[in-house]
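# Survey of secondary and tertiary structure
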Amino acid sequence: MRRREFLQKTGLITAGTLFVPSFLRANTLGSSLSLGKKRLVVIQLSGGNDGLNTIVPHGLDEYYQNRSQIGHKLEALLKLDDRFGWNKKLPGMKALYDKGLVSIINSVGYPNPNRSHFRSMDIWHTASNSDENWQSGWLGRYLDNNCTHAFESIEWDGSLSLAMKGKERAGIALTNPRAFYDTVHSDYFKQLQAPEAADSELQFMYKVFEDTKNSAAYIYDQYRLKTNDSDYGSGNLGKKLKEVATLIKSDIQTPVFYTSLGGFDTHVNQQWAHDRLMEELDAGVSAFVKDLEKDGLLKETTIMIFSEFGRRLKENASRGTDHGAANVLFLIDTDLSQKAHSYNQIDLSDLDKGDPKYKVDFRQVYQEVLQHSLGVDSEMVLKRKFDELGLF
Amino acid sequence: MENTLLNKYHLYSRASFFVHHDEIKPSRSLEKDVDDLFKRQVKSPIVLDLPSEAEMKEKAKSEKKRRELRKKMRAEVKKLNLMWLSQMADEDKGLIEKMTLFWHGHFACRTVQNPYRTMEMNNLLRENALGNFRDLLYAVSRSGAMIEYLHLKQNKKASPNEDFARELCELFTLGRDVDYTEKDVVEIARAFTGWTYRDGEHRVVAKLHDNGEKEIFGKRGNFNGEDVLEMILENPKCAERIAFKIYKYFVQEEVIHTEVKELSNVLYNSNYDISSMMKHLFKADWFYQKQGRMVKSPIELAVVYCKMFDFRFEDVKSVMGLQHYLGQVLFDPPNVAGWAGGRQWIDSSRLAFRLRLGSLILNRGYIMDELSPELDEMLKSKAKKRDVKFYQEVDWDLFWKRNQGVNIYDVLIRSNNPQLKQAESTNDKKTVIHLLSTPDFQLT
């Protein structure tokens with residue numbers, strides 16, 4: 001099925017505000033996205049990013065007392081204020097921060113932190129308490145409540161994260177729109193029709209099947225609308241974000257994008273490895289922001305960068321760090337309030353089993369992203385209410 | 001229940017994985033089929049010949065050696081993964097292995113880093129899979145795998161750890177907030193203090209055990225862990241919870257409470273005899289009305305292919321890739337709640353892969369409408385690496401011999417889809433590949 005036909009079938013074409021050329025959009029329309037207020041792009045740093053070496057608390061004695069080997073010296077930092085400095089490999093992020101586009105939220109975590117990668121990632125993905133085992137993801141539940149098509153939530157990765165799986169709906173994971181299109185558009189699949197009457201499970205399977213075919217065609221069509229020659233460098237994260245930007249520029253009706261950068265489990269000789277990851281993160285994110293800004297799309301985008309946990313304050317004997325708890329989280333958005341910066345705090349004298357304690361529940365951040373960026377009722381998704389932070 | 005071929009296919013595909021037509025005895029009653037199925041099951045543990053764990057760990061003195069050890073341990077678990085997967089497709093093991101897989105999801109425990117715990121847990125699940133739930137619950141609670149996974153080792157009189165106590169009630173027996181309170185969880189944790197696992201054995205360390213009086217489920221006493229297990233088993237809600245999960249695994253997603261109640265009554269009244277409950281289920285009329293109503297799990301799907309075409313996956317990388325991609329890696333459940341299952345197995349990306357899997361295994365990824373020898377040659381030379389790693393040389397003659405004289409649609413597809421049946425009515429390779437490439441085949 002081609003795009004036009006698809007649009008007719010799904011009713012998107014009647015929406016009126018869609019698929020307006022971008023030069024017109026800037027003047028006549030508030031947003032290229034009709035479904036939500038903004039697009040959310042989640043960047044997951046897998047393995048447990050060392051937040052203390054990302055936003056370095058150089059003003060706190062405990063930092064240097066506990067990190068005599070791997071601590072970053074003040075002169076090697078991009079100074080933020082009397083307490084904090086940016087890792088020197090994050091000049092692009094710092095520049096965005098200086099322009100007021102970044103919130104640094106320190107000490108983000110949850111009560112009774114779990115230090116297993118799998119378990120803690122689960123908790124972040126499902127937004128459960130640490131003693132609950134939920135089986136659907138927070139963005140999946142957003143899909144369940146607010147969306148109809150798989151393409152409304154795209155993960156640019158090999159497989160779909162739990163975060164993107166709801167009870168009834170799920171997003172789509174792909175790394176190659178052409179290959180994905182080919183996979184589900186063989187001649188045989190084209191003529192395979194949903195049965196006229198069927199049991200509910202068979203109906204469900206065919207519904208996903210049809211949606212998959214339509215979504216694959218739609219994504220591939222959108223993907224081909226724009227060529228993107230912006231420079232994202234050679235990093236893997238940059239490459240993935242470039243693809244995401246290409247799709248966003250096509251005015252794709254996808255409110256949620258998700259991608260990840262791995263390798264943060266730095267137990268051994270972490271300095272070089274962590275700096276290299278910072279470099280990759282910085283290059284990818286700054287190129288992405290610049291690219292969106294160029295097309296006037298940054299104001300319609302929220303970027304959230306998180307990791308499943310931070311790392312222990314005290315370095316280990318192998319010049320690395322072990323699994324920790326609360327951590328730094330970044331939000332990039334054009335509507336950030338100054339209030340966000342008051343959360344930029346950390347207390348290294350009051351630890352939980354050697355790790356910084358959480359001061360902000362990650363679900364407080366989710367809550368505001370859901371309300372502000374995706375424009376939905378956060379309680380439907382999170383099943384709870386959290387205290388307001390006033391990030392936006 | 002009617003003694004039809006379709007009912008027999010249904011029985012065997014649910015109670016095990018897949019049945020060829022020639023394994024069916026058409027004139028035998030379904031009751032006898034069920035009894036015979038239970039009688040025939042062969043229990044064989046999965047065993048790797050490894051040096052003792054202590055010996056293995058002894059050598060790992062430096063950080064480098066420890067890293068090597070961890071890598072080796074994970075590699076051994078992958079071997080066990082392949083062994084188990086292979087065994088599931090064996091003749092006369094289908095039911096016992098499917099039950100073991102069910103318990104693996106129920107007593108979900110992540111052991112991918114330790115082949116010793118993996119073998120221990122998997123073999124105790126199999127040993128009790130069709131036995132008594134009481135024995136199973138005791139064995140799991142005393143296993144090194146669970147004691148480590150749910151932090152019983154850290155559960156000490158001075159600083160109780162509630163992890164095991166909570167999941168015991170919420171996931172393994174009663175169900176969330178059913179007949180227990182937060183206070184019970186705290187007190188149950190005290191009853192299990194001192195439980196540990198050392199040198200391959202379960203022990204209760206007296207000085208770490210809290211001997212004081214506890215109040216659990218409204219009763220007061222100096223309870224220990226075993227007392228708690230008995231109190232839980234006494235509550236019919238425990239049998240209800242197990243029956244509920246069995247129903248969702250063997251019957252259908254949508255729960256019909258009267259049917260679950262039948263199962264839980266049989267389980268409770270037989271003093272937790274799992275076989276009695278399962279036989280009741282497979283002999284119930286309502287079981288035969290639920291054909292094609294369940295989504296095959298990824299492991300089930302893989303085993304169906306193995307059994308259907310009589311091959312075993314041998315390449316570790318591709319088997320692990322398959323499990324990762326479809327979302328079910330043996331010995332690596334997402335969390336202690338196990339796999340959500342049902343519709344949650346399916347998302348667009350996974351469905352796309354499932355729809356291609358049959359053609360990948362049998363035809364290098366091509367869903368063919370023309371199958372000539374020339375084309376076949378061409379495909380062999382053109383096929384991409386990624387597409388050929390699942391490819392198996394299968395014995396088609398054997399497949400047809402085993403499924404003679406019936407419509408192949410009925411053997412392969414459990415959903416009722418007259419349009420598809422009509423469109424794919426010839427018994428040839430093309431039809432088989434077509435049928436395996438349908439949403440219908442994802443159901444059982």
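Look above for the structure.
Structure report, in brief.

Conventions adopted
- Residues numbered from 1 in each chain as written.
- Chains lettered and ligands numbered in written order.
- Predicted model: local features only at pLDDT ≥ 70, side-chain atom pairs only at ≥ 80, totals over all residues.
- Heavy atoms only, no water.
- Helix = DSSP H or I, 4+ residues; strand = E, 2+ residues; numbered from the N terminus.
- Buried < 20%, exposed > 50% of the residue type's maximum accessible area, 1.4 Å probe, protein only.
- Contact = heavy atoms within 4.5 Å.
- Lys, Arg positive; Asp, Glu negative; His and termini not counted.
- Charge placed at Lys NZ, Arg CZ, Asp CG, Glu CD.
- Pairing = 2+ DSSP bridges.
- Buried area = accessible area lost by both parts, 1.4 Å probe.
- Salt bridge = Lys/Arg side-chain N within 4 Å of Asp/Glu carboxyl O.
- Nonpolar A, V, L, I, M, F, W, Y, C, P; charged D, E, K, R; others polar.
- Axes fitted to C-alpha atoms, helices over the stretch in contact; angles between N-to-C directions.
- Parallel < 35°, antiparallel > 145°, perpendicular 65-115°, else oblique.
- Left-handed = near helix turned anticlockwise from the far one by under 90°.

Across its full length, chain B holds 23 helices and 4 strands. Its C-alpha atoms give chain B principal-axis dimensions of about 80 × 60 × 35 Å. Buried residues in chain B amount to 59% of all 444 residues. Sequence-distant contacts, at least 24 apart, represent 71% of the contacts inside chain B between residues at least 6 apart. Measuring between centres, the 71 positive side-chain charges of chain B sit 4 Å from its 66 negative side-chain charges.

Now for the sheet that holds strand β3 (residues 78–79) of chain A. Residue and element names in this part refer to chain A. What the 3 strands build is an open sheet, ordered β2-β4-β3; its pairing is antiparallel. Either end of the sheet is taken by a strand with one partner, and the two such strands are β2 (55–56) and β3. As paired elements, β2 and strand β4 (residues 85–86) share 2 bridges and run antiparallel to each other. Residue Ile-55 lies in a different strand from β4, and its bridge partner there is Trp-86.

Every contact between the two is made by 48 residues of chain B and, on the other side, 42 residues of chain A. For the pair chain B and chain A, the two sides together bury roughly 3700 Å², of which 54% comes from carbon and sulfur. Of all residues in chain B, Arg343(B), Gln344(B) and Ser348(B) give up the largest surface area on contact with chain A, accounting jointly for 18% of the area buried on that side. Taken together, the connections running from chain B to chain A amount to 6 salt bridges. Between Arg343(B) and Glu168(A) there is a salt bridge, and its shortest N-O distance comes to 3.3 Å. Within the residue set of the side of chain B that touches chain A, elements represented by two or more residues are α4 (63–88), α9 (163–173), α17 (348–363), α22 (418–423) and α23 (429–436) of chain B. When grouped by side-chain class, the residues that make up the side of chain B that touches chain A number 18 nonpolar, 15 polar and 15 charged.

Quick look at the pairing of strand β1 (residues 195–198) of chain B now. Residue and element names in this part refer to chain B. Bridge analysis of β1 against strand β2 (residues 201–204) gives 4 bridges, and the strand direction is antiparallel. Looking at the pairing, Arg-198 lines up with Glu-201 of β2. Between β1 and β2, which follow one another and run antiparallel, lie 2 residues, and Asp-199 among them has a positive phi close to 50 degrees.

Here we take up the packing of α9(B) against helix α10 (residues 182–191) of chain B. Residue and element names in this part refer to chain B. α10 packs onto α9 with a crossing angle of 125 degrees between their chain directions and a minimal axis gap of 8 Å. Here α10 runs oblique to α9, going by the angle between their axes. Note on packing geometry: the crossing formed by α9 with α10 is right-handed. Contacts between α9 and α10 involve Ala-165, Arg-166, Leu-168 and Cys-169 from the former and Glu-182, Val-185, Ile-188 and Ala-189 from the latter.

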